[in-house]
Amino acid sequence: MHSLISIHDVMPETLPQVRELLALLRAHGHEHVTLLVVPGLAWSEAGLQELQAWQDAGMELAAHGWTHRAARVCGVRHRVHAALISRQAAEHLALDTRGIGELMQASADWFPRHGLQAPSTYVPPAWALGRMPRAGLMDMPFRHIEVMRGLLDTRSGRLQPLPLLGYQADTRLRASFLALWNRLQALRGRYRTHRPLRIGIHPDDAQLYLSASLKRCLARVPPSIRYMDHPRTRPG
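Every chain's residues receive numbers from 1 upward, in the order its sequence appears when written. Local features in a predicted model are, by the rule used here, given only for residues with pLDDT of at least 70; side-chain atom pairs are given and counted only at 80 or more, and totals for whole chains, interfaces and linings are based on all residues. Excluding hydrogens and water, the side-chain figures rest on all heavy atoms present in the structure.

Undergrad: Residues and numbers for the overall build of the chain, please.
TA: Along the backbone of the chain there are seven helices and 10 strands. Categorising residues by exposure relies on relative accessible area from a 1.4 Å probe, with only protein chains included: less than 20% of the type maximum marks a residue as buried, more than 50% marks it as exposed, and the intermediate range marks it as partly exposed. Burial statistics for the chain: of 236 residues in total, 54% are counted as buried. The contact definition used throughout considers only heavy atoms, calling two residues in contact when any of these lie within 4.5 Å. Taking the intrachain contacts of the chain between residues at least 6 apart in sequence as the baseline, contacts between residues at least 24 apart amount to 69%. Accessible surface for the chain amounts to roughly 11100 Å². Of this, 55% is attributable to carbon and sulfur atoms. Helix numbering and strand numbering both begin at the N terminus, where a helix is a DSSP run of H or I of at least 4 residues and a strand a DSSP run of E of at least 2. To be clear on the numbers: accessible area is Shrake-Rupley with a 1.4 Å probe, and residue cover counts the displayed protein chains and nothing else.

Undergrad: Give a detailed account of helix 2 (residues 45–56), specifying residues and quantitative values.
TA: Taking 1.5 Å per residue, 12 residues should reach 16 Å; helix 2 reaches 16 Å between its end C-alpha atoms and fits that length. Of all the positions in helix 2, only Gly47, Leu48, Glu50, Leu51, Trp54 and Gln55 are classed as buried. All buried residues of helix 2 lie within an arc of 155° about the axis, which places them on one face of the element. Of the exposed residues in helix 2, the ones pointing more than 90 degrees away from its buried face are Glu45, Ala46 and Asp56. Gly58, located one to two residues past helix 2, shows a positive phi value of around 105°. Helices are assigned an expected span. That span is 1.5 Å times one less than the residue count. The arc in question is traced by the directions running from the helix axis to the C-beta atoms.

Undergrad: Now, about the environment of Leu25: what can you tell me, with residues and values included?
TA: Take Leu25: it is sitting in helix 1 (residues 15–27). Apart from the residues within four sequence positions on either side, Leu25 is in contact with Ile5, Ile7, His30, Val33, Ile201 and Leu218.

Undergrad: Let's hear about unusual backbone geometry: which residues, and what values?
TA: A positive phi angle, close to 55°, is found at Asp9, a residue other than glycine. Relative to the elements of secondary structure, Asp9 occurs in strand 1 (residues 3–10). The residue Trp127 is not glycine, and still its phi comes out positive at about 60°. Within the secondary structure, Trp127 is located in the loop between strand 4 (121–122) and helix 5 (134–137).

Quick look at the structure:
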């Protein structure tokens, strides 16, 4: 058994927090994680070199939207999602199918254009894929896509449900909600599906309300592997 650990929102301004999180993960024996990079920002040469160094060290670089910010809030569904989960982050929900496809393609193209390995994993901001049918995902240059429920194989169109833990608790209300969510998800993984836990970490989580819970989790879960190395996502 293994765990799947990702660090979200890897941006030029969050690199110091990402370094600290990687040190925390290594201290708990987690050497192989997936870094969710937001490409459409003002990346400096030094920042790009750091991404390259992490990739050379065995980290997976995944594409994570374009700017990680919705241009506008559209419709009731998006308003509810923004209020409860994503705030302004779910940029897919402001786009139609064509716009989502163009955003995903641009996100994929950014990596090799800057000398980085092309990503095989795509994670929409806030796990909100939006109005993109599964058939349309087969034309995207990604092997698999992470959504709230699990990992979606773009070749077969099949979803592998996987439990997901989160720790982005910047208010007491969100902390209470996430603590209950995490308990239910951990039980689901342990007693019902026996599938690996996904642990989604945001840059400031180690300083927020659930920081102690996050560290306890990292100490007890199995060693992490990259999304691209998960048995159900490897090419072949």
